[in-house]
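Single-letter residue listing:
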Amino acid sequence: MRQIQLKIQKVMAICMLLSFTLTQISYGITPAEEEKLAKKFMKTVDRQVKLVKDPVIQAYVEKVGKRIVGVLPPQSFSYHFYVVEEPVYNAFAGPAGHIFINSGLFADMESYEELAAILGHEITHVDCRHISDKMEKSKKIGIASIAGLVAAIGLGVAGAGVAANAALAGTLAASQQLMLAYSREDEMQADQVGLIYLTDAGYNADGLLDALKRIRSRQWFGKDIVPTYMMTHPALEDRIAYVDGWVESHQERKKKENPSDRTAFLTAQNRLIALYLDPETAIKRLKDRMSQNPNLFSNPYGYGLVMMRTGDLSSAEIHMKKALGIRPLDPDLLADLGQVYFLQGRYEDAGKVLSGALGMNAENQNALFYMGRTRLMENDFFGAKEVLEKLEALKSSFPEVQYYLANAHEGLGRKDLSSYHLALHYEQKGDWENAIGQLKRAISFSKDPAETDRMKERLREFEKSKKSDLEEADDSKSRNLSSDMHRFRELTNEAPQVLTDPARHPMRGQNGKIAW
(Lines give C-alpha, C1' and ligand atoms only; values in the text may rest on other atoms or scores of the structure.)
Protein backbone atom coordinates (compact mmCIF):
# COMPACT_ATOMS: atom_id res chain seq x y z
CA MET A 1 0.00 0.00 0.00
CA ARG A 2 2.88 2.33 0.84
CA GLN A 3 4.45 1.73 -2.60
CA ILE A 4 1.17 2.61 -4.28
CA GLN A 5 0.95 5.82 -2.23
CA LEU A 6 4.51 6.76 -3.21
CA LYS A 7 3.75 6.19 -6.88
CA ILE A 8 0.62 8.34 -6.65
CA GLN A 9 2.59 10.98 -4.75
CA LYS A 10 5.23 11.25 -7.45
CA VAL A 11 2.85 11.24 -10.38
CA MET A 12 0.48 13.74 -8.76
CA ALA A 13 3.39 15.96 -7.78
CA ILE A 14 4.54 16.38 -11.34
CA CYS A 15 0.97 16.72 -12.53
CA MET A 16 0.24 19.52 -10.07
CA LEU A 17 3.51 21.28 -10.81
CA LEU A 18 2.84 21.00 -14.52
CA SER A 19 -0.61 22.47 -14.04
CA PHE A 20 1.03 25.53 -12.44
CA THR A 21 4.06 25.78 -14.71
CA LEU A 22 4.36 23.84 -17.92
CA THR A 23 1.20 25.20 -19.42
CA GLN A 24 2.54 28.66 -18.88
CA ILE A 25 6.02 28.53 -20.39
CA SER A 26 5.33 29.31 -24.01
CA TYR A 27 6.47 32.89 -23.46
CA GLY A 28 9.86 31.46 -22.47
CA ILE A 29 9.97 28.85 -25.25
CA THR A 30 8.44 28.67 -28.69
CA PRO A 31 5.24 26.71 -29.42
CA ALA A 32 7.33 24.23 -31.41
CA GLU A 33 9.60 23.67 -28.40
CA GLU A 34 6.60 23.22 -26.14
CA GLU A 35 5.13 20.69 -28.56
CA LYS A 36 8.42 18.81 -28.41
CA LEU A 37 8.33 18.89 -24.62
CA ALA A 38 4.73 17.69 -24.72
CA LYS A 39 5.76 14.59 -26.68
CA LYS A 40 8.25 13.69 -23.96
CA PHE A 41 5.67 14.42 -21.30
CA MET A 42 3.06 12.23 -23.00
CA LYS A 43 5.58 9.43 -23.41
CA THR A 44 6.08 9.52 -19.65
CA VAL A 45 2.33 9.65 -19.06
CA ASP A 46 1.75 6.65 -21.34
CA ARG A 47 4.29 4.63 -19.41
CA GLN A 48 3.51 5.69 -15.86
CA VAL A 49 -0.15 6.71 -15.77
CA LYS A 50 -3.05 4.41 -16.55
CA LEU A 51 -5.40 6.20 -18.93
CA VAL A 52 -9.00 5.23 -19.63
CA LYS A 53 -8.91 3.90 -23.20
CA ASP A 54 -12.65 3.40 -23.68
CA PRO A 55 -13.54 5.20 -26.95
CA VAL A 56 -17.05 6.17 -25.78
CA ILE A 57 -15.80 7.85 -22.60
CA GLN A 58 -12.89 9.44 -24.45
CA ALA A 59 -15.19 10.83 -27.13
CA TYR A 60 -17.58 12.33 -24.57
CA VAL A 61 -14.88 14.12 -22.55
CA GLU A 62 -13.27 15.31 -25.78
CA LYS A 63 -16.62 16.71 -26.95
CA VAL A 64 -17.18 18.69 -23.74
CA GLY A 65 -13.63 20.03 -23.79
CA LYS A 66 -13.69 20.99 -27.48
CA ARG A 67 -16.97 22.86 -26.97
CA ILE A 68 -15.17 25.17 -24.53
CA VAL A 69 -12.07 25.45 -26.69
CA GLY A 70 -14.38 26.59 -29.49
CA VAL A 71 -15.02 29.94 -27.77
CA LEU A 72 -11.35 30.70 -27.07
CA PRO A 73 -9.30 33.13 -29.15
CA PRO A 74 -6.91 31.49 -31.65
CA GLN A 75 -4.63 29.00 -29.91
CA SER A 76 -1.10 27.78 -30.58
CA PHE A 77 -2.00 24.17 -29.83
CA SER A 78 -4.60 21.52 -30.55
CA TYR A 79 -6.21 20.52 -27.26
CA HIS A 80 -6.49 16.89 -26.19
CA PHE A 81 -8.45 15.47 -23.26
CA TYR A 82 -7.86 12.34 -21.19
CA VAL A 83 -9.34 10.49 -18.22
CA VAL A 84 -6.80 9.06 -15.76
CA GLU A 85 -7.84 5.83 -14.07
CA GLU A 86 -7.24 7.07 -10.54
CA PRO A 87 -9.69 7.52 -7.61
CA VAL A 88 -7.96 10.63 -6.20
CA TYR A 89 -9.78 13.89 -6.94
CA ASN A 90 -7.67 15.81 -9.42
CA ALA A 91 -7.49 17.47 -12.81
CA PHE A 92 -4.44 19.06 -14.42
CA ALA A 93 -3.06 20.54 -17.63
CA GLY A 94 0.12 19.35 -19.28
CA PRO A 95 2.22 21.15 -21.90
CA ALA A 96 0.76 22.09 -25.29
CA GLY A 97 -2.90 21.66 -24.38
CA HIS A 98 -3.03 18.13 -22.92
CA ILE A 99 -5.80 18.16 -20.28
CA PHE A 100 -6.43 15.38 -17.74
CA ILE A 101 -9.17 14.57 -15.25
CA ASN A 102 -9.14 11.66 -12.81
CA SER A 103 -11.83 9.00 -13.01
CA GLY A 104 -12.59 9.36 -9.29
CA LEU A 105 -13.57 13.01 -9.69
CA PHE A 106 -15.57 12.38 -12.88
CA ALA A 107 -17.44 9.47 -11.29
CA ASP A 108 -18.50 11.53 -8.26
CA MET A 109 -19.78 14.57 -10.14
CA GLU A 110 -23.50 15.29 -10.16
CA SER A 111 -23.81 17.20 -13.41
CA TYR A 112 -22.24 17.88 -16.77
CA GLU A 113 -21.82 21.47 -15.59
CA GLU A 114 -19.21 20.31 -13.05
CA LEU A 115 -17.26 18.38 -15.66
CA ALA A 116 -17.32 21.33 -18.06
CA ALA A 117 -16.21 23.69 -15.29
CA ILE A 118 -13.19 21.59 -14.31
CA LEU A 119 -12.11 21.12 -17.93
CA GLY A 120 -12.69 24.82 -18.59
CA HIS A 121 -10.52 25.77 -15.62
CA GLU A 122 -7.62 23.66 -16.88
CA ILE A 123 -8.09 24.94 -20.44
CA THR A 124 -7.77 28.47 -19.07
CA HIS A 125 -4.46 27.60 -17.40
CA VAL A 126 -3.16 26.74 -20.86
CA ASP A 127 -4.68 29.84 -22.44
CA CYS A 128 -3.39 32.32 -19.82
CA ARG A 129 0.29 31.24 -19.88
CA HIS A 130 0.68 31.86 -16.17
CA ILE A 131 3.98 32.91 -14.54
CA SER A 132 6.08 32.51 -17.70
CA ASP A 133 7.23 36.12 -17.46
CA LYS A 134 8.08 35.66 -13.78
CA MET A 135 9.87 32.45 -14.69
CA GLU A 136 12.03 34.36 -17.13
CA LYS A 137 13.00 36.88 -14.45
CA SER A 138 13.57 34.48 -11.59
CA LYS A 139 15.17 31.62 -13.52
CA LYS A 140 14.26 29.47 -10.54
CA ILE A 141 12.20 27.02 -12.49
CA GLY A 142 12.35 25.91 -16.07
CA ILE A 143 12.69 23.04 -18.45
CA ALA A 144 15.51 21.41 -16.49
CA SER A 145 13.40 21.27 -13.34
CA ILE A 146 10.50 19.78 -15.24
CA ALA A 147 12.80 17.22 -16.83
CA GLY A 148 14.05 16.36 -13.36
CA LEU A 149 10.53 15.69 -12.19
CA VAL A 150 9.84 13.49 -15.21
CA ALA A 151 13.01 11.57 -14.45
CA ALA A 152 12.04 11.25 -10.80
CA ILE A 153 8.74 9.66 -11.73
CA GLY A 154 10.42 7.25 -14.11
CA LEU A 155 12.86 6.24 -11.40
CA GLY A 156 10.16 5.86 -8.81
CA VAL A 157 7.90 3.60 -10.83
CA ALA A 158 10.91 1.57 -11.89
CA GLY A 159 11.57 0.86 -8.24
CA ALA A 160 14.51 3.17 -7.66
CA GLY A 161 13.34 4.03 -4.17
CA VAL A 162 15.91 6.34 -2.59
CA ALA A 163 17.04 7.84 -5.89
CA ALA A 164 13.52 8.68 -6.97
CA ASN A 165 12.62 10.26 -3.67
CA ALA A 166 15.83 12.29 -3.65
CA ALA A 167 15.35 13.47 -7.22
CA LEU A 168 11.75 14.39 -6.61
CA ALA A 169 12.42 16.12 -3.31
CA GLY A 170 15.35 18.09 -4.70
CA THR A 171 13.50 19.31 -7.75
CA LEU A 172 10.40 20.22 -5.77
CA ALA A 173 12.46 22.06 -3.21
CA ALA A 174 14.00 24.18 -5.95
CA SER A 175 10.64 25.13 -7.42
CA GLN A 176 8.35 25.02 -4.39
CA GLN A 177 8.74 28.64 -3.29
CA LEU A 178 8.06 30.13 -6.71
CA MET A 179 5.05 27.88 -7.17
CA LEU A 180 3.65 28.90 -3.79
CA ALA A 181 4.15 32.59 -4.54
CA TYR A 182 2.01 32.62 -7.64
CA SER A 183 -0.44 29.75 -7.43
CA ARG A 184 -3.27 31.63 -5.71
CA GLU A 185 -3.06 34.49 -8.22
CA ASP A 186 -3.00 32.03 -11.12
CA GLU A 187 -5.91 30.02 -9.79
CA MET A 188 -8.02 33.13 -9.30
CA GLN A 189 -7.26 34.30 -12.83
CA ALA A 190 -8.07 30.86 -14.21
CA ASP A 191 -11.40 31.04 -12.38
CA GLN A 192 -12.13 34.58 -13.58
CA VAL A 193 -11.30 34.00 -17.23
CA GLY A 194 -12.54 30.42 -17.18
CA LEU A 195 -16.00 31.47 -16.02
CA ILE A 196 -16.33 33.68 -19.10
CA TYR A 197 -15.25 30.87 -21.41
CA LEU A 198 -17.50 28.41 -19.62
CA THR A 199 -20.64 30.51 -19.93
CA ASP A 200 -19.79 31.58 -23.49
CA ALA A 201 -19.76 27.87 -24.36
CA GLY A 202 -23.30 27.52 -22.99
CA TYR A 203 -22.51 26.00 -19.59
CA ASN A 204 -23.51 27.38 -16.21
CA ALA A 205 -20.99 28.86 -13.80
CA ASP A 206 -22.71 26.98 -10.95
CA GLY A 207 -20.79 23.93 -12.13
CA LEU A 208 -17.47 25.36 -10.95
CA LEU A 209 -18.96 26.31 -7.59
CA ASP A 210 -20.36 22.80 -7.12
CA ALA A 211 -17.10 21.18 -8.21
CA LEU A 212 -15.00 23.27 -5.80
CA LYS A 213 -17.35 22.44 -2.92
CA ARG A 214 -17.14 18.76 -3.82
CA ILE A 215 -13.34 18.91 -3.79
CA ARG A 216 -13.42 20.71 -0.44
CA SER A 217 -15.72 18.08 1.03
CA ARG A 218 -13.16 15.40 0.21
CA GLN A 219 -10.18 17.65 1.07
CA TRP A 220 -8.91 16.82 -2.42
CA PHE A 221 -5.70 14.99 -1.44
CA GLY A 222 -4.56 13.42 1.78
CA LYS A 223 -1.17 14.24 3.25
CA ASP A 224 -0.07 10.63 2.64
CA ILE A 225 -0.52 11.13 -1.10
CA VAL A 226 0.74 14.67 -1.68
CA PRO A 227 3.13 16.73 0.50
CA THR A 228 1.48 19.13 2.96
CA TYR A 229 2.65 22.25 1.13
CA MET A 230 0.86 21.10 -2.02
CA MET A 231 -2.38 20.66 -0.08
CA THR A 232 -2.53 24.45 0.31
CA HIS A 233 -3.05 24.83 -3.45
CA PRO A 234 -5.39 26.10 -4.50
CA ALA A 235 -6.93 28.24 -1.71
CA LEU A 236 -10.39 26.73 -2.00
CA GLU A 237 -12.23 29.00 0.41
CA ASP A 238 -11.19 32.17 -1.43
CA ARG A 239 -12.04 30.62 -4.78
CA ILE A 240 -15.43 29.38 -3.60
CA ALA A 241 -16.29 32.82 -2.25
CA TYR A 242 -15.26 34.49 -5.51
CA VAL A 243 -17.16 32.06 -7.75
CA ASP A 244 -20.26 32.29 -5.54
CA GLY A 245 -20.23 36.08 -5.85
CA TRP A 246 -19.65 35.90 -9.60
CA VAL A 247 -22.61 33.58 -10.09
CA GLU A 248 -24.88 35.89 -8.10
CA SER A 249 -23.82 38.97 -10.07
CA HIS A 250 -24.10 37.32 -13.51
CA GLN A 251 -27.58 35.86 -13.44
CA GLU A 252 -28.08 36.95 -17.05
CA ARG A 253 -25.60 34.26 -18.10
CA LYS A 254 -27.52 31.46 -16.42
CA LYS A 255 -28.82 28.77 -18.78
CA LYS A 256 -31.57 26.20 -18.38
CA GLU A 257 -30.41 22.62 -18.03
CA ASN A 258 -30.16 20.89 -21.40
CA PRO A 259 -31.80 17.42 -21.17
CA SER A 260 -29.63 15.98 -23.95
CA ASP A 261 -26.47 17.24 -22.22
CA ARG A 262 -27.57 15.60 -18.98
CA THR A 263 -28.39 12.30 -20.69
CA ALA A 264 -25.01 12.23 -22.43
CA PHE A 265 -23.24 13.00 -19.14
CA LEU A 266 -25.05 10.30 -17.14
CA THR A 267 -24.51 7.73 -19.88
CA ALA A 268 -20.75 8.40 -20.02
CA GLN A 269 -20.50 8.57 -16.22
CA ASN A 270 -22.36 5.29 -15.70
CA ARG A 271 -20.14 3.68 -18.31
CA LEU A 272 -17.07 4.92 -16.43
CA ILE A 273 -18.44 3.63 -13.12
CA ALA A 274 -19.37 0.25 -14.62
CA LEU A 275 -16.08 -0.40 -16.40
CA TYR A 276 -13.44 1.35 -14.27
CA LEU A 277 -14.49 1.58 -10.62
CA ASP A 278 -13.87 -1.46 -8.48
CA PRO A 279 -16.68 -3.95 -9.24
CA GLU A 280 -18.20 -4.01 -5.74
CA THR A 281 -18.50 -0.22 -5.61
CA ALA A 282 -19.76 -0.06 -9.19
CA ILE A 283 -22.49 -2.65 -8.62
CA LYS A 284 -23.69 -0.94 -5.43
CA ARG A 285 -23.75 2.51 -6.98
CA LEU A 286 -25.48 1.43 -10.18
CA LYS A 287 -27.99 -0.74 -8.31
CA ASP A 288 -28.90 2.29 -6.19
CA ARG A 289 -29.42 4.36 -9.33
CA MET A 290 -31.56 1.60 -10.84
CA SER A 291 -33.79 1.53 -7.77
CA GLN A 292 -34.22 5.32 -7.89
CA ASN A 293 -35.05 5.52 -11.59
CA PRO A 294 -35.17 2.23 -13.52
CA ASN A 295 -36.61 3.93 -16.61
CA LEU A 296 -33.76 6.39 -17.10
CA PHE A 297 -31.75 5.01 -20.03
CA SER A 298 -28.33 5.40 -18.40
CA ASN A 299 -29.27 3.24 -15.40
CA PRO A 300 -30.17 -0.13 -16.97
CA TYR A 301 -27.42 0.56 -19.51
CA GLY A 302 -24.78 1.08 -16.81
CA TYR A 303 -26.00 -1.89 -14.77
CA GLY A 304 -25.88 -4.09 -17.88
CA LEU A 305 -22.29 -3.02 -18.46
CA VAL A 306 -21.13 -3.88 -14.94
CA MET A 307 -22.92 -7.25 -15.19
CA MET A 308 -21.03 -7.91 -18.42
CA ARG A 309 -17.78 -6.90 -16.78
CA THR A 310 -18.33 -9.26 -13.84
CA GLY A 311 -19.33 -12.18 -16.08
CA ASP A 312 -23.10 -12.27 -15.43
CA LEU A 313 -23.92 -12.25 -19.13
CA SER A 314 -27.58 -13.22 -18.71
CA SER A 315 -28.25 -10.23 -16.45
CA ALA A 316 -26.21 -8.06 -18.79
CA GLU A 317 -28.41 -9.07 -21.72
CA ILE A 318 -31.62 -8.45 -19.76
CA HIS A 319 -30.64 -4.93 -18.67
CA MET A 320 -29.20 -3.95 -22.03
CA LYS A 321 -32.43 -5.03 -23.74
CA LYS A 322 -34.33 -2.94 -21.22
CA ALA A 323 -32.16 0.04 -22.11
CA LEU A 324 -32.74 -0.78 -25.79
CA GLY A 325 -36.47 -0.49 -25.19
CA ILE A 326 -35.92 3.05 -23.92
CA ARG A 327 -33.53 4.06 -26.70
CA PRO A 328 -33.68 1.58 -29.61
CA LEU A 329 -31.37 3.49 -31.96
CA ASP A 330 -28.26 3.88 -29.81
CA PRO A 331 -25.18 2.52 -31.66
CA ASP A 332 -23.04 2.31 -28.51
CA LEU A 333 -25.67 0.22 -26.75
CA LEU A 334 -26.01 -2.07 -29.78
CA ALA A 335 -22.22 -2.49 -29.86
CA ASP A 336 -22.23 -3.46 -26.18
CA LEU A 337 -25.09 -5.91 -26.68
CA GLY A 338 -23.13 -7.37 -29.59
CA GLN A 339 -20.19 -7.79 -27.23
CA VAL A 340 -22.42 -9.69 -24.78
CA TYR A 341 -23.54 -12.03 -27.57
CA PHE A 342 -19.92 -12.51 -28.64
CA LEU A 343 -18.89 -13.42 -25.08
CA GLN A 344 -21.79 -15.88 -24.95
CA GLY A 345 -20.53 -17.53 -28.14
CA ARG A 346 -23.61 -16.44 -30.11
CA TYR A 347 -21.64 -15.23 -33.11
CA GLU A 348 -24.54 -15.06 -35.55
CA ASP A 349 -26.57 -12.88 -33.16
CA ALA A 350 -23.48 -10.79 -32.44
CA GLY A 351 -22.92 -10.20 -36.15
CA LYS A 352 -26.50 -9.02 -36.69
CA VAL A 353 -26.50 -6.58 -33.76
CA LEU A 354 -23.03 -5.25 -34.57
CA SER A 355 -24.06 -4.73 -38.20
CA GLY A 356 -26.96 -2.64 -36.91
CA ALA A 357 -24.61 -0.54 -34.81
CA LEU A 358 -22.27 0.01 -37.76
CA GLY A 359 -25.22 0.92 -39.95
CA MET A 360 -25.86 3.85 -37.61
CA ASN A 361 -22.21 4.74 -37.07
CA ALA A 362 -19.68 3.16 -39.42
CA GLU A 363 -16.83 4.34 -37.18
CA ASN A 364 -18.12 2.90 -33.91
CA GLN A 365 -14.90 1.46 -32.51
CA ASN A 366 -16.47 -1.06 -30.13
CA ALA A 367 -18.68 -2.41 -32.91
CA LEU A 368 -15.76 -2.67 -35.34
CA PHE A 369 -13.58 -4.42 -32.76
CA TYR A 370 -16.14 -7.09 -31.88
CA MET A 371 -17.27 -7.47 -35.48
CA GLY A 372 -13.66 -8.22 -36.40
CA ARG A 373 -13.39 -10.78 -33.61
CA THR A 374 -16.74 -12.29 -34.59
CA ARG A 375 -15.56 -12.75 -38.17
CA LEU A 376 -12.40 -14.44 -36.89
CA MET A 377 -14.43 -16.88 -34.81
CA GLU A 378 -16.48 -17.66 -37.94
CA ASN A 379 -13.21 -18.23 -39.89
CA ASP A 380 -14.11 -15.34 -42.18
CA PHE A 381 -10.53 -14.10 -42.27
CA PHE A 382 -10.99 -11.71 -45.18
CA GLY A 383 -14.04 -10.14 -43.52
CA ALA A 384 -12.11 -9.85 -40.25
CA LYS A 385 -9.18 -8.19 -42.03
CA GLU A 386 -11.41 -5.61 -43.71
CA VAL A 387 -13.18 -4.66 -40.48
CA LEU A 388 -10.02 -4.52 -38.37
CA GLU A 389 -8.21 -2.43 -40.97
CA LYS A 390 -11.00 0.13 -40.72
CA LEU A 391 -10.48 0.18 -36.96
CA GLU A 392 -6.72 0.52 -37.40
CA ALA A 393 -7.24 3.49 -39.74
CA LEU A 394 -9.19 5.25 -36.98
CA LYS A 395 -6.09 5.05 -34.74
CA SER A 396 -8.09 2.94 -32.35
CA SER A 397 -7.44 2.94 -28.63
CA PHE A 398 -7.81 -0.87 -28.59
CA PRO A 399 -4.30 -2.27 -28.02
CA GLU A 400 -5.30 -5.71 -29.34
CA VAL A 401 -6.17 -4.59 -32.89
CA GLN A 402 -2.73 -5.49 -34.27
CA TYR A 403 -2.86 -8.90 -32.61
CA TYR A 404 -6.19 -9.80 -34.21
CA LEU A 405 -5.07 -8.41 -37.57
CA ALA A 406 -2.11 -10.81 -37.30
CA ASN A 407 -4.60 -13.63 -36.75
CA ALA A 408 -6.60 -12.60 -39.81
CA HIS A 409 -3.51 -12.51 -42.06
CA GLU A 410 -2.34 -15.85 -40.68
CA GLY A 411 -5.70 -17.32 -41.65
CA LEU A 412 -5.27 -15.87 -45.15
CA GLY A 413 -1.84 -17.46 -45.47
CA ARG A 414 0.07 -14.17 -45.36
CA LYS A 415 2.86 -15.02 -42.94
CA ASP A 416 4.65 -11.80 -43.83
CA LEU A 417 1.76 -9.55 -42.83
CA SER A 418 0.89 -11.72 -39.86
CA SER A 419 4.41 -11.28 -38.49
CA TYR A 420 4.38 -7.57 -39.36
CA HIS A 421 1.22 -6.91 -37.34
CA LEU A 422 2.57 -8.99 -34.46
CA ALA A 423 5.62 -6.73 -34.55
CA LEU A 424 3.33 -3.69 -34.25
CA HIS A 425 1.51 -5.42 -31.39
CA TYR A 426 4.77 -5.90 -29.48
CA GLU A 427 5.84 -2.34 -30.32
CA GLN A 428 2.75 -1.05 -28.50
CA LYS A 429 3.70 -3.16 -25.48
CA GLY A 430 7.26 -1.80 -25.51
CA ASP A 431 8.60 -5.34 -26.05
CA TRP A 432 11.34 -4.47 -28.51
CA GLU A 433 12.94 -7.93 -28.52
CA ASN A 434 9.80 -9.61 -29.81
CA ALA A 435 8.89 -6.63 -32.02
CA ILE A 436 12.24 -6.76 -33.79
CA GLY A 437 12.16 -10.55 -34.01
CA GLN A 438 8.73 -10.57 -35.63
CA LEU A 439 9.67 -7.77 -38.03
CA LYS A 440 12.75 -9.69 -39.17
CA ARG A 441 10.52 -12.71 -39.66
CA ALA A 442 8.11 -10.59 -41.73
CA ILE A 443 10.99 -9.36 -43.92
CA SER A 444 12.13 -12.94 -44.51
CA PHE A 445 8.64 -13.88 -45.77
CA SER A 446 8.01 -10.74 -47.82
CA LYS A 447 8.06 -11.06 -51.61
CA ASP A 448 7.10 -7.47 -52.42
CA PRO A 449 10.21 -5.22 -52.77
CA ALA A 450 8.34 -2.05 -51.80
CA GLU A 451 6.79 -3.78 -48.79
CA THR A 452 10.20 -5.16 -47.80
CA ASP A 453 11.76 -1.69 -47.95
CA ARG A 454 8.94 -0.32 -45.79
CA MET A 455 9.52 -3.06 -43.22
CA LYS A 456 13.28 -2.49 -43.20
CA GLU A 457 12.73 1.19 -42.53
CA ARG A 458 10.42 0.28 -39.67
CA LEU A 459 13.05 -2.14 -38.36
CA ARG A 460 15.60 0.68 -38.18
CA GLU A 461 13.06 2.73 -36.21
CA PHE A 462 12.48 -0.18 -33.80
CA GLU A 463 16.20 -0.70 -33.23
CA LYS A 464 16.66 3.02 -32.60
CA SER A 465 13.79 3.01 -30.08
CA LYS A 466 15.18 -0.08 -28.37
CA LYS A 467 18.59 1.57 -28.06
CA SER A 468 17.03 4.75 -26.67
CA ASP A 469 15.04 2.81 -24.07
CA LEU A 470 18.11 0.81 -23.03
CA GLU A 471 20.17 3.99 -22.65
CA GLU A 472 17.41 5.55 -20.59
CA ALA A 473 17.22 2.44 -18.39
CA ASP A 474 21.02 2.36 -17.95
CA ASP A 475 21.00 6.04 -17.03
CA SER A 476 18.33 5.36 -14.41
CA LYS A 477 20.32 2.43 -13.00
CA SER A 478 23.42 4.60 -12.85
CA ARG A 479 21.58 7.30 -10.92
CA ASN A 480 20.10 4.68 -8.61
CA LEU A 481 23.50 3.14 -7.90
CA SER A 482 25.15 6.52 -7.33
CA SER A 483 22.39 7.57 -4.94
CA ASP A 484 22.54 4.28 -3.01
CA MET A 485 26.33 4.53 -2.68
CA HIS A 486 26.03 8.12 -1.46
CA ARG A 487 23.45 7.07 1.12
CA PHE A 488 25.64 4.15 2.20
CA ARG A 489 28.57 6.50 2.75
CA GLU A 490 26.41 8.83 4.80
CA LEU A 491 25.26 5.96 7.00
CA THR A 492 28.67 4.27 7.45
CA ASN A 493 30.96 7.29 6.95
CA GLU A 494 33.11 5.18 4.64
CA ALA A 495 32.91 4.06 1.02
CA PRO A 496 32.03 0.45 0.29
CA GLN A 497 34.74 -1.61 -1.39
CA VAL A 498 32.32 -3.67 -3.49
CA LEU A 499 28.75 -2.98 -4.44
CA THR A 500 27.11 -5.52 -6.68
CA ASP A 501 24.27 -4.28 -8.85
CA PRO A 502 21.98 -7.25 -9.56
CA ALA A 503 20.07 -5.10 -12.03
CA ARG A 504 23.07 -5.43 -14.38
CA HIS A 505 22.38 -9.15 -14.72
CA PRO A 506 18.75 -9.25 -15.82
CA MET A 507 17.01 -12.43 -16.81
CA ARG A 508 16.87 -12.84 -20.57
CA GLY A 509 13.51 -12.33 -22.23
CA GLN A 510 11.92 -14.34 -25.00
CA ASN A 511 13.97 -14.98 -28.14
CA GLY A 512 11.47 -13.45 -30.53
CA LYS A 513 9.29 -16.52 -30.93
CA ILE A 514 5.72 -16.26 -29.77
CA ALA A 515 3.12 -18.75 -28.63
CA TRP A 516 -0.03 -18.78 -30.73
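Not measured: the values here are computed from a predicted model.

Caption draft 1: Here's a closer look at the packing of helix 19 (residues 381-393) against helix 20 (residues 401-411). Direction vectors running N to C along helix 19 and helix 20 enclose 150°, while the axes themselves pass 9 Å from each other. Considering their axes alone, helix 19 and helix 20 lie roughly antiparallel with respect to each other. Where helix 19 crosses over helix 20, the handedness of that crossing is left-handed. Only Val-401, Gln-402, Tyr-404, Leu-405, Asn-407, Ala-408, His-409 and Gly-411 of helix 20 make contact with helix 19, whose side of the interface consists of Phe-381, Ala-384, Lys-385, Leu-388, Glu-389, Leu-391 and Glu-392. Of the residues assigned to the contact of helix 19 with helix 20, the class counts are eight nonpolar, four polar and three charged.

Caption draft 2: Up close: the packing of helix 18 (residues 365-377) against helix 20. The interhelical angle for the contact between helix 18 and helix 20, taken along N-to-C directions, is 30°, at an axis separation of 10 Å. For the element pair helix 18 / helix 20, the angle class is roughly parallel. Here the hand of the crossing between helix 18 and helix 20 comes out left-handed. Facing Phe-369, Arg-373 and Leu-376 of helix 18, the residues of helix 20 in contact are Val-401, Tyr-404, Asn-407 and Ala-408. Tallied by class, residues from the contact of helix 18 with helix 20 come to five nonpolar, one polar and one charged.

Caption draft 3: Main features of helix 11 (residues 236-249). Compared with the 20 Å implied by 1.5 Å per residue over 14 residues, the 20 Å span of helix 11 between its first and last C-alpha is a close match. Within the sequence span of helix 11, burial applies to Leu-236, Arg-239, Ile-240, Val-243, Trp-246 and Val-247. Around the axis of helix 11, the buried residues are gathered within 130° of arc, so they sit on the same side. Of the exposed residues in helix 11, those oriented more than 90 degrees away from the buried face are Ala-241 and Glu-248.

Caption draft 4: Molecular detail of the sheet that holds strand 2 (residues 91-93). Spatial ordering of the open sheet is given by 1-3-2, a layout of three strands whose pairing is mixed. Here the strands that pair on one side only, and so sit at the sheet edges, are strand 1 (80-84) and strand 2. Ignoring strand direction, the axes of neighbouring strands in this sheet form an average angle of 15°. Summarising the sheet, strand 2 and strand 3 (residues 98-102) pair through three bridges and their orientation is antiparallel. Across the sheet, Ala-93 pairs through a bridge with Ile-99, a residue of strand 3.

Caption draft 5: Looking closely at unusual backbone geometry. At Asn-379, a position not held by glycine, the phi torsion is positive, near 60°. For Asn-379, the position within the fold is in the loop between helix 18 and helix 19.

Caption draft 6: Highlighting the packing of aromatic side chains. Counting across every chain of the model gives 13 aromatic pairs. When the ring of Phe-369 is compared with that of Tyr-404, the centres are 5.9 Å apart and the planes differ by 70°; the resulting orientation is edge-to-face. Of the two residues, Phe-369 sits in helix 18 while Tyr-404 sits in helix 20, which places them 35 residues apart along the sequence. Assessed through its relative accessible area of 16%, Tyr-404 is described here as buried. Of the aromatic side chains, those joined through ring pairs into one cluster are Phe-342, Tyr-347, Phe-369, Tyr-370, Phe-398, Tyr-403 and Tyr-404. The ring of Tyr-203 has Arg-67 lying over it, and the distance from NZ or CZ to the ring centre is 3.9 Å. Above the ring of Tyr-420, the side-chain terminus of Arg-454 is found at 5.1 Å from the ring centroid.

Caption draft 7: Structural view of the nonpolar core. Counting 96 residues, the largest nonpolar core has Tyr-60, Ile-68, Ile-101, Phe-106 and Leu-115 as the members making the most contacts within it. Here the element with the most residues in this core is helix 5 (residues 112-128); it accounts for eight residues. Apart from residues lying up to four places away in sequence, Tyr-60 is in contact with Phe-106, Tyr-112, Leu-115, Asp-261, Ala-264, Phe-265 and Ala-268. Core analysis: the second largest hydrophobic core is formed by 14 residues, Leu-417, Tyr-420, Tyr-426 and Ala-442 among them.

Caption draft 8: The arrangement of helix 16 (residues 331-343) in detail. With 13 residues, helix 16 extends 18 Å between its outermost C-alpha atoms, agreeing within 8% with the 18 Å of an ideal straight helix rising 1.5 Å per residue. Burial analysis of helix 16 places 11 of its 13 residues in the buried class, the great majority of the element. Next to the buried residues of helix 16 lie helix 12 (259-276), helix 14 (298-309), helix 15 (313-326), helix 17 (347-360) and helix 18. The opening residue of helix 16, the one whose side-chain oxygen lies 3.0 Å from the backbone nitrogen of Asp-332, is Asp-330. Where helix 16 ends, the next residue or the one after it, Gly-345, has phi of about 80°, a positive value.

What counts and how
- Residues numbered from 1 in each chain as written.
- Predicted model: local features only at pLDDT ≥ 70, side-chain atom pairs only at ≥ 80, totals over all residues.
- Heavy atoms only, no water.
- Axes fitted to C-alpha atoms, helices over the stretch in contact; angles between N-to-C directions.
- Helix = DSSP H or I, 4+ residues; strand = E, 2+ residues; numbered from the N terminus.
- Parallel < 35°, antiparallel > 145°, perpendicular 65-115°, else oblique.
- Left-handed = near helix turned anticlockwise from the far one by under 90°.
- Contact = heavy atoms within 4.5 Å.
- Nonpolar A, V, L, I, M, F, W, Y, C, P; charged D, E, K, R; others polar.
- Expected span 1.5 Å × (residues − 1).
- Buried < 20%, exposed > 50% of the residue type's maximum accessible area, 1.4 Å probe, protein only.
- Arc of directions from axis to C-beta.
- Pairing = 2+ DSSP bridges.
- Phe/Tyr/Trp six-rings, centres within 6.5 Å; stacked < 30°, edge-to-face > 60°.
- Lys NZ or Arg CZ within 6 Å of the ring centre and 35° of its normal.
- Core = buried A, V, L, I, M, F, W, Y, C linked by side-chain atoms within 4.5 Å.
- Polar contact = N/O pair within 3.5 Å; in protein donor to acceptor, adjacent residues only side chain to side chain.

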